Amino acid sequence: MGSKHSRVVLIVVLLFTFMTLLSGCRESSVIEQIIYDQNAKDVDPSDEHYLIKHTEDSATPDIELPPTDTADTEKRKQTPPVPATEGADKNNAATPASVPDTTDTETESDKEPVPGPEDSTQTGDVPSGGPDTAGPSDEEDSREVEDANGVKVALPEKVNRVVAPGEAAFIIQMLGGKGILSGTSGNVASNALGATVFSSEDISAAQQLWAGDGASPMSGANFDALLATPPDVVVMVSGDDSFSAAQIATLKENAIPLVTLPKPNTHTNIVRAVKIAGKMIGDRSAEPGGVDAAALAEAYETYANDLLDRVQNLAGGRFTWNSFDFNNDVALNGRKKYTGQKTENGSYTLFLSEWRSAQFSIAGSDIDESGVAIAPLGYSSSPLSYYMSAAGVLNNAARFTNTTYASVAALPINLNTSGVSLSDGALPVYPDKAESMGLVRDGGTIDVGIGQDSFRSVVVDSASIKNKLLSSALWKPYGQKTIGNVKNYYYKDYPIISYIRGDYEIYVNPGGVTNWTGGSPESVLEAIWASWRLHGKSSESDVRAEIKKFYTTFYRYELSDAQVSAILSGK
């Protein structure tokens, strides 16, 4: 009986042991998770952010991963890789579409659409379609940037050599620091102040590849020189023809990325150009004399907008015309109204961009002048009128936007006078001859000519234009007189009404390393200069201090007082 009971107990013990061993053979949820994760991407130990995220995800205790979908795995294996973006480094894997830059704080109403081949409002959203079209690149030495045309350009991980012409070259130099500019145009190479300011950053070592400002293609020999020591990126400005179609094709064949920056004709476009270039260059602070370009670009946007706010507050708001928003490209957006802080108490000026050789005469008078002042119409060709309006100053020619003419002969007389003629038939006066550039009139209460209290100045783009005006009989004040029982302001003793109604100042617009009137990062300084010279809301010491601050912050250079004086005297 006892032995029989012992056998039963032994059988039960053996059976229990056997069942326990069987249950131990089943994979735990932890083992399943480890096996499943073996198909995941290898974790780079230096990527602390990824490790933290991975640890947090793995630490969830009671969630089992779903079983692997064998069919889906086979489908992914059969999917061919996405070809590399055109222009990418040949050693790089495909570069996916970038996620929209969330650091740009512009509202939709502030943004200007960029014309592109298909969708001018493209924002860079990640396309759908599977794992190969979204998320981080499989290769960590590949980046991309969306340029002015909405084109996503693949970039190498490091951008240390850039070729760029004209004002774009100084944007690159400002953001990149020492050694960034490897090739540029003649006007940059001959820029004396630029060579001084950036002397410690080897700007003079850049090859001169273009003639002039680089708006036209470089020669074949110079293009061959570019290819011989290829840069990491080449840059051009929208609207310029810095490269021929054949040269662009060759750049693509050689996997040299081409990035187009916005035309700097508005404040918005200048900021966009700086931010695109900053993102393109990236962080070069680890390079000797290098700069964190992306961070400096953000700092520029903050600085420029803060300066405009300060100047506009001094003026009591923008002084505009019929609420037109002068920070706008009319060709792209049409007329836009400004709804922010405005003022009705401002001053007027007239900006003259050049002096053209054209014979001007009026029948029955001794007017026979060789040379005519030119006023650019509207505000889309330059940010100057916007910066002036922020300072409480209206550029008279900005009121006139005509799609046929970009500029007109600025004749400060009544254009309905019979016998007015120009030897240059291609040079127009304001088409309907209703107003002169020397008169501000709205058909109501405003009737202000040059030399009156609120129209005390004319601004010119160079000292040579100022000298031409000073020697011109047409631009002199003759006071009021009576001719034929009508008292008015006349040209000399002729019954030709003049809109020069008193003494006025002629100011040469300042210019530093870059051209303020043509559009550049320095152009924002126009606002505080206009606030001083044209509206009296700032002082000369304010302007001098601001110019020095700009050069120290963005050019890493301490200007002397003499150099500031030279900048203020213009060219």
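Residues numbered from 1 in each chain as written. Predicted model: local features only at pLDDT ≥ 70, side-chain atom pairs only at ≥ 80, totals over all residues. Heavy atoms only, no water.

Novice: Tell me what's going on with the sheet that holds strand 4 (residues 181-185), and back it up with residues and numbers.
Specialist: Taken together, the five strands give an open sheet; going across it, the order is 5-4-3-6-7, and neighbouring strands pair in parallel fashion. Either end of the sheet is taken by a strand with one partner, and the two such strands are strand 5 (207-210) and strand 7 (258-261). Alignment of strand 3 (residues 162-163) against strand 4, held across two bridges, turns out to be parallel. The residue of strand 4 that forms the bridge with V163 is G183. Seen against the sheet, helix 10 (residues 267-281) touches strand 3, strand 6 (233-237) and strand 7 and runs at an angle of roughly 155° to strand 7. (Pairing = 2+ DSSP bridges. Helix = DSSP H or I, 4+ residues; strand = E, 2+ residues; numbered from the N terminus. Contact = heavy atoms within 4.5 Å. Axes fitted to C-alpha atoms, helices over the stretch in contact; angles between N-to-C directions.)

Novice: Account for the pattern of salt bridges, naming residues and giving values.
Specialist: This model, assessed by the stated rule, comprises 14 salt bridges. For D306, the salt bridge identified is with R310, shortest N-O distance 3.1 Å. Taken as a pair, D306 and R310 lie in helix 11 (residues 293-315) at a separation of four residues, close to a single helical turn. The exposure class assigned to D306 is partly exposed, which follows from its relative accessible area of 38%. Put simply, R356 and E354 hold a salt bridge, and the shortest N to O gap is 3.3 Å. Judged by relative accessible area, E354 falls into the partly exposed class, the value being 32%. (Salt bridge = Lys/Arg side-chain N within 4 Å of Asp/Glu carboxyl O. Buried < 20%, exposed > 50% of the residue type's maximum accessible area, 1.4 Å probe, protein only.)

Novice: Go over the packing of aromatic side chains, please, and point to the residues and values.
Specialist: Given two aromatic rings, one states the distance between the centres and the angle between the planes to describe the pair. One pass over the full model with this rule turns up 18 aromatic pairs. Here the aromatic rings of Y300 and F554 are separated by 5.6 Å at their centres, their planes lie at 75°, and the arrangement is edge-to-face. In this pair, Y300 sits in helix 11 while F554 sits in helix 16 (residues 540-555), placing the two residues 254 residues apart along the sequence. Across the pair, exposure class does not vary: Y300 and F554 are buried alike. The interplanar angle of 45° and the centroid separation of 5.4 Å between the aromatic rings of Y386 and Y387 together place this pair among those described as tilted. Both residues of the pair, Y386 and Y387, count as buried. Pairwise contacts between aromatic rings join F170, F198, Y300, Y303, F550, Y551, F554 and Y555 into one cluster. (Phe/Tyr/Trp six-rings, centres within 6.5 Å; stacked < 30°, edge-to-face > 60°.)

Novice: So what about the packing of helix 11 against helix 16? Which residues, and what values?
Specialist: Direction vectors running N to C along helix 11 and helix 16 enclose 170°, while the axes themselves pass 11 Å from each other. As summarised for this structure, helix 11 and helix 16 are arranged roughly antiparallel, according to the angle between their axes. Packed against helix 11, whose contacting residues are L296, A299, Y300, Y303, L307 and R310, the element helix 16 presents E546, K549, F550, T553 and F554 at the interface. Among the residues making up the contact of helix 11 with helix 16, the classes are represented as seven nonpolar, one polar and three charged. (Parallel < 35°, antiparallel > 145°, perpendicular 65-115°, else oblique. Nonpolar A, V, L, I, M, F, W, Y, C, P; charged D, E, K, R; others polar.)

Novice: Before we move on, can you summarise helix 16 with the specific residues and values?
Specialist: What sets the pattern is the α-helix's 3.6 residues per turn: residues three or four places apart point alike. Here helix 16 spans 22 Å end to end across 16 residues, near enough to the 22 Å set by a 1.5 Å rise per residue. Residues of helix 16 that are buried include every one of V543, E546, I547, F550, Y551, F554 and Y555, and no others. Summarising the axial view, the buried residues of helix 16 lie within an arc of 130°, below the 170-degree limit, and thus occupy one face. Looking at the buried positions of helix 16, the neighbouring elements they touch are helix 5 (166-176), helix 7 (192-197), helix 11, helix 15 (525-533) and helix 17 (561-569). A positive backbone phi angle near 60° is found at R556, which sits one or two residues after helix 16. (Expected span 1.5 Å × (residues − 1). Arc of directions from axis to C-beta.)

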